[in-house]
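Chain by chain, the residues:
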Amino acid sequence: MALTGAYKIVLFVGGVGGAKLAYGLSKLLPPDRLTIVVNVGDDFWHLGLRICPDADTVLYTLAGRVDSANGWGVANDTSQVLTALADIGGETWFRIGDADLATHLTRTDRLRRGARPTEVATELCAVMGVEYALLPVTDESVPTIVDTKEKGRLSFQSYFVANRWQPTVTAIGYEGADGASVTREVGDAIDQADAIIIAPSNPWLSIAPMLAVGDLRARLLARDVPRIAMSPIIGGRAVKGPAAKLMRELGLEVSAASVADYYGDLLNGFVDDVVNPPFEHDGLKIARMDTMMPDGEARIRVAQSLLEWLES
Ligand code: GDP
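Residues numbered from 1 in each chain as written. Predicted model: local features only at pLDDT ≥ 70, side-chain atom pairs only at ≥ 80, totals over all residues. Heavy atoms only, no water.

(A) Geometry of the pairing of strand β7 (residues 152-155). Both strand β6 (residues 144-148) and β7 contribute to a ladder of four bridges, which runs antiparallel. The partner of isoleucine 145 across the bridge, within β7, is serine 155. Two successive antiparallel strands, β6 and β7, enclose a turn made up of three residues. (Pairing = 2+ DSSP bridges. Helix = DSSP H or I, 4+ residues; strand = E, 2+ residues; numbered from the N terminus.)

This is the structure in structure tokens:
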């Protein structure tokens with residue numbers, strides 16, 4: 001791909017899978033060369049609080065605060081509020097730890113006082129010592145809606161958390177995304193990027209909600225730079241979460257090739273895992289590497305291989 005010098009990367013991420021690559025890249029690139037754009041389709045109101053699960057997962061990961069066993073939430077968090085909620089018959093299906101609650105309280109308070117979601121995200125990064133730009137793709141509300149066979153139309157968190165992604169998905173909608181627009185900050189980062197990378201996040205639940213926002217897809221396509229996605233499918237399975245199940249339900253083969261097909265002409269490069277059966281697509285440069293990122297060391301190694309490929 002022949003990138004040289006102080007090239008700039010824009011990385012699109014969802015939650016846990018995206019945070020892993022964001023972490024690896026953040027250990028190799030300085031803050032002025034890596035901008036992370038995060039999905040907001042999972043964001044929702046709960047108990048009066050604005051909760052942004054994907055942004056928080058990436059934030060806690062980059063801040064070194066994440067609960068590494070879960071991949072989300074704050075390490076060693078306590079659950080006194082949840083226990084107290086249960087005692088009074090409150091809603092406890094969405095688990096919020098006490099330290100995590102502080103994030104949601106702060107965010108909600110700032111939003112209610114008129115701050116933009118982008119400003120709040122930047123402030124949260126600053127107070128947690130994260131020097132990288134972590135930008136919501138849009139400041140507007142674009143909730144992901146999941147149509148299911150057994151339970152009808154569900155809000156994203158109802159599908160994902162309350163129903164543990166067990167209902168059969170028949171369709172996915174990105175409400176309001178068409179009429180929404182990316183923020184100025186995200187637009188500027190895209191215009192200045194020397195490479196655009198889509199993390200190995202869930203294509204339908206984490207990346208598509210971003211690509212559905214306004215003219216984002218066209219804007220990315222207009223950039224004549226490497227536009228690369230990494231496969232979230234390894235060995236015919238998702239590493240975590242509903243991606244493989246969802247692909248079967250949508251009538252797709254569970255493979256990296258299906259993921260590349262789904263992104264279509266948005267991509268001119270693809271990072272596949274070495275264990276997957278090789279495939280070829282017209283117009284797509286494919287790199288094959290070990291993409292499994294169980295720990296910090298592996299995340300840096302995968303990010304390093306990706307950068308070496310970009311530079312080669
Ligand atoms: P979520 O919003 O928390 O579900 O997180 P994402 O959408 O960002 O990531 C979920 C996807 O990440 C799943 O489809 C996983 O298969 C993928 N994933 C998780 N860990 C890894 C990993 O170590 N390597 C690769 N290649 N994919 C991973």
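(B) Examining the pattern of salt bridges more closely. Inspection of the entire model under this criterion finds twelve salt bridges. For the salt bridge of aspartate 109 with arginine 113, the shortest nitrogen-to-oxygen distance reads 3.0 Å. Residue lysine 245 pairs with glutamate 249 through a salt bridge whose shortest N-O separation is 2.8 Å. Pair noted here: lysine 245 and glutamate 249 are both in helix α10 (residues 243-249), with a separation of four residues, about one helical turn. The structure contains a network of salt bridges with shared partners spanning Arg116, Asp139, Arg184 and Glu185. (Salt bridge = Lys/Arg side-chain N within 4 Å of Asp/Glu carboxyl O.)

(C) Local environment of the confidence of the model for the protein. Scored by pLDDT, the protein comes out at a mean of 98, with 100% of its residues at no less than 70. Element-level pLDDT for the protein is lowest in helix α6 (residues 156-162), with a mean of 97, against a maximum mean of 99 in strand β2 (residues 34-38). (pLDDT = per-residue confidence, 0-100.)

(D) Looking closely at the sheet that holds strand β9 (residues 195-198). Spatially, the seven strands line up as an open sheet ordered β5-β2-β1-β9-β10-β13-β14, and their pairing is parallel. One side of each edge strand has no neighbouring strand; the edge strands of this open sheet are β5 (133-136) and β14 (285-289). Mean inter-strand twist for the sheet, computed between neighbouring axes without regard to direction, equals 20°. Where β9 meets strand β10 (residues 227-230), three bridges bridge the pair, whose relative direction is parallel. Looking at β10, one finds that isoleucine 196 is bridged to arginine 227. Running at roughly 125° to strand β1 (residues 9-13), helix α8 (residues 203-211) makes contact with β1, β2 and β9 of the sheet. (Axes fitted to C-alpha atoms, helices over the stretch in contact; angles between N-to-C directions. Contact = heavy atoms within 4.5 Å.)

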